[in-house]
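# A closer look at the structure
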Amino acid sequence: MTTARPVYVLNGPNLNMLGLREPEIYGRDTLGDVEAQVRAKAGILGLTVEFRQSNHEGDLVTWIQEARTKACGILLNAGALTHTSVAILDALNAAELPAIEVHLSNVFRRESFRHHSYVSLGSVGVVCGFGVDSYLLALDGLARIVARQSAAHKATA
Ligand code: DHK
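What counts and how
- In this numbering scheme, every chain counts its residues from 1 along its sequence in written order.
- Given that the model is predicted, a residue must reach a pLDDT of at least 70 before its local features are reported, and side-chain atom pairs must reach 80 or more before they are shown or counted; all residues, however, enter totals for whole chains, interfaces and linings.
- Calculated side-chain values reflect all of the structure's heavy atoms, with hydrogen atoms and water omitted.
- If even one non-hydrogen atom of a residue comes within 4 Å of a molecule or strand, that residue is called near it.
- Pairing of N or O atoms within 3.5 Å defines a polar contact, subject to two protein rules: one partner must be a possible hydrogen donor and the other a possible acceptor, and residues neighboring in sequence count only if both atoms are side-chain atoms.
- Surface exposure here means Shrake-Rupley accessible area, sampled with a 1.4 Å probe, where a residue is shielded only by the protein chains that are shown.
- Each residue is assigned to one of three groups, with Ala, Val, Leu, Ile, Met, Phe, Trp, Tyr, Cys and Pro labelled nonpolar, Asp, Glu, Lys and Arg labelled charged, and all others, Gly among them, labelled polar.
- Buried Ala, Val, Leu, Ile, Met, Phe, Trp, Tyr and Cys residues that are joined via side-chain atoms within 4.5 Å together make up what is termed a nonpolar core.
- The buried label applies to any residue whose accessible area, calculated with a 1.4 Å probe on protein chains only, is under 20% of its type's maximum; exposed applies above 50%, and partly exposed to all values in between.
- Per the convention used, a helix needs a DSSP run of H or I reaching at least four residues, while a strand needs a run of E reaching at least two, with both numbered from the N terminus.
- Residue contacts are defined here by distance: any two heavy atoms, one from each residue, within 4.5 Å place the two residues in contact.
- Two strands qualify as a pair provided that DSSP identifies no fewer than 2 bridges between them.
- We call a crossover right-handed when, viewed with the strands running away from us, the connection from the first strand over the helix to the second turns clockwise.
- Axis angles are defined between N-to-C directions and span 0 to 180 degrees, where every axis is a line fitted to C-alpha atoms and, for a helix, only to the segment in contact.
- By definition in this entry, angles of less than 35 degrees are roughly parallel, angles greater than 145 are roughly antiparallel, angles of 65 to 115 are roughly perpendicular, and the rest are oblique.

Every residue lining the ligand is accounted for by Arg21, Tyr26, Asn77, Gly79, Ala80, His83, His103, Leu104, Ser105, Val107, Arg110 and Arg114. Within the backbone of Ala80, a nitrogen or oxygen atom sits 3.0 Å from an oxygen atom of the ligand. At 2.7 Å from an oxygen atom of the ligand is found a side-chain nitrogen or oxygen belonging to His83. When the ligand is considered free in solution it has 310 Å² of accessible area, and contact with the protein chains removes 99% of it. In the shell around the ligand, the residues fall into four nonpolar, five polar and three charged.

Before going further, it helps to examine the nonpolar core. By size, the foremost hydrophobic cluster in this structure holds 28 residues, and its most contacted members are Val7, Val9, Val34, Val38, Leu75, Tyr135 and Leu139. When residues of this core are traced back to their parent elements, those giving at least two are strand E1 (7-11), helix H2 (31-45), strand E2 (49-53), strand E4 (99-103) and helix H5 (133-156). Ranked by residue count, the leading element in this core is H5, at eight residues. In this structure Val38 touches Val9, Val49, Phe51, Tyr135, Leu136 and Leu139, once residues within four positions along its chain are discounted. Within the second largest apolar cluster, 19 residues are counted, among which are Leu60, Ile64, Leu76 and Ala78.

With that settled, consider the pairing of strand E3 (residues 73-77). Counting buried residues in E3 gives five out of five residues, a clear majority hidden from the surface. Side chains Gly73, Leu75 and Asn77 of E3 all project onto a buried face; the interleaved residues Ile74 and Leu76 project onto the opposite face, where all are buried too. When E1 meets E3, the two strands line up parallel, connected through five bridges. Within the sheet, the bridge partner assigned to Val9 lies in E3 and is Leu75. Across three bridges, E3 lies against E4 in parallel orientation. In the strand pairing of E4, Leu76 is matched with Glu101. Read from E3 through helix H4 (residues 86-95) to E4, the crossover connection turns out right-handed.

The next point concerns the environment of Ala71. By the element assignment, Ala71 lies in the loop between helix H3 (57-70) and E3. Given a relative accessible area of 1%, Ala71 falls into the buried group. In this structure, the C-alpha to C-alpha distance between Ala71 and Ala4, residues 67 residues apart in sequence, is 8.7 Å. Those residues in contact with Ala71 that lie beyond four places of it in its chain are Arg5, Pro6, Tyr8 and Leu97.

Moving on to the packing of H3 against H4. Packing of H3 against H4 leaves a shortest axis separation of 8 Å and a crossing angle of 5 degrees. The pairing of H3 with H4 is recorded here as roughly parallel in orientation. Together, Glu57, Leu60, Val61, Ile64 and Arg68 of H3 and Ala87, Ile88, Ala91, Leu92, Ala94 and Ala95 of H4 make up the contact between the two elements. Residues that form the contact of H3 with H4 fall into these classes: nine nonpolar, no polar and two charged.

So, in structure tokens, the structure goes:
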């Protein structure tokens, strides 16, 4: 499959600390390692990737707005903003793109405040609990959605 538009892979607060931060929960891979694995998987799937991280809610909102016209879909690990940010939910709904919520940890095995997600309300699906593989599984799912969309688009063109 080939699509001219990249997948936006967006990472929120504290994900720049991967590898150092609570490795028993988040693993030993750094965010650079995650990016390398995502890029390798995207190459196999015929996708390109725009990979970013910010500790600031507004950056994520701006990047989701940008994705509306530049991306074919979004993979979003919003970190703790997952559980608090109506602004990110509004941006996802405005983007009119397939978005997949990603978490390294199984948020449902953790504190109850992590069980609610605003991001879920604006996402096609959620992948959590598989460590770095959560990103790769989510990319697989997004690739299937994008392939179906472009086949449907071709059929009506
Ligand atoms: C990452 C975070 O930073 C937390 O705030 C979320 C998520 C879970 C993860 O598992 O990737 O609650």
